Amino acid sequence: MIITEINYKGRDYTCRIVRSNEDEELIIAGTSLLDVLMPYPATDGSDGFADKEAEKVDEEIFFYTADSNLRLPDDELVKELKEDNPEWFD
């Protein structure tokens with residue numbers, strides 16, 4: 001299990017790193033981070049991001065999942081991720 005921290009506005013958010021089927025490292029974040037990065041609904045005039053820093057942080061994230069999923073063993077987390085991203089995982 002590889003864990004990383006992403007800092008936004010002085011707060012650290014625990015994320016996981018998993019490998020894709022092409023051995024690429026992908027950052028998986030919890031929805032609690034997504035909620036602070038994108039507190040506004042996306043509309044024609046707004047992308048929903050809190051600010052430019054939030055948009056930059058979001059570019060590093062491959063996928064958001066329930067915070068509780070971040071505590072799963074690697075194989076179970078990948079199984080969850082594969083449901084929405086089958087082309088990225090064996």
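Structure first, text after, so check above.
Attention in this report is confined to the structure presented alongside it. Keep in mind the model is a prediction, meaning the values are calculated, not measured. (Residues numbered from 1 in each chain as written. Predicted model: local features only at pLDDT ≥ 70, side-chain atom pairs only at ≥ 80, totals over all residues. Heavy atoms only, no water.)

Observations regarding the pattern of salt bridges
Pairing of side chains with opposite charge becomes possible as their charged atoms draw close.
Working step 1: Scanning the model with the defined rule gives six salt bridges in all.
Working step 2: Two residues, aspartate 74 and arginine 16, come together in a salt bridge whose shortest N-O distance is 2.4 Å. With aspartate 74 in helix α3 (residues 74-84) and arginine 16 in strand β2 (residues 11-19), this pair connects stretches of sequence that are 58 residues apart.
Working step 3: On the basis of relative accessible area, arginine 16 is assigned to the buried category, the value being 1%.
Working step 4: Of the charged contacts, one joins glutamate 55 and lysine 52 as a salt bridge, the two residues approaching to 3.8 Å between their closest N and O atoms. Residue glutamate 55 and its partner lysine 52 are both found in helix α2 (residues 52-60); the two are separated by three residues, about one turn of the helix.
Working step 5: Residue classification places lysine 52 among the exposed residues on the basis of a relative accessible area of 67%.
Working step 6: Three or more residues joined by partner-sharing salt bridges are found here, namely Lys9, Asp51 and Glu53. (Salt bridge = Lys/Arg side-chain N within 4 Å of Asp/Glu carboxyl O. Helix = DSSP H or I, 4+ residues; strand = E, 2+ residues; numbered from the N terminus. Buried < 20%, exposed > 50% of the residue type's maximum accessible area, 1.4 Å probe, protein only.)

Structural notes on the nonpolar core
Working step 1: Counting residues in hydrophobic clusters, the biggest one holds 14 residues, and the most contacted among them are Ile6, Tyr8, Leu33, Leu37 and Ile61.
Working step 2: Secondary structure elements with two or more residues in this core: β1 (2-8), β2, β3 (25-30), α1 (31-37) and α2.
Working step 3: Element by element, the count of residues in this core is highest for β2, at three residues.
Working step 4: When residues no more than four places from it in sequence are discounted, the contact partners of leucine 33 are Ile6, Tyr8, Tyr13, Cys15 and Ile61.
Working step 5: With nine residues, the next largest nonpolar core counts Val18, Phe63, Leu70 and Phe89 among its residues. (Core = buried A, V, L, I, M, F, W, Y, C linked by side-chain atoms within 4.5 Å. Contact = heavy atoms within 4.5 Å.)

Details of the sheet that holds β2
Working step 1: Read from one edge to the other, the open sheet built from four strands follows the order β1-β2-β3-β4, with strand pairing classed as mixed. Both edges of this open sheet fall to β1 and β4 (63-65), since each of them pairs with a single strand only. For this sheet the average axis-to-axis angle between neighbouring strands, irrespective of direction, equals 40°.
Working step 2: Sheet topology places β2 next to β3; four bridges connect them, and they run antiparallel. Bridge pairing links arginine 16 to isoleucine 28 in β3.
Working step 3: α2 rests against β1, β3 and β4 of the sheet, and its axis sits at about 165° to β1. (Pairing = 2+ DSSP bridges. Axes fitted to C-alpha atoms, helices over the stretch in contact; angles between N-to-C directions.)

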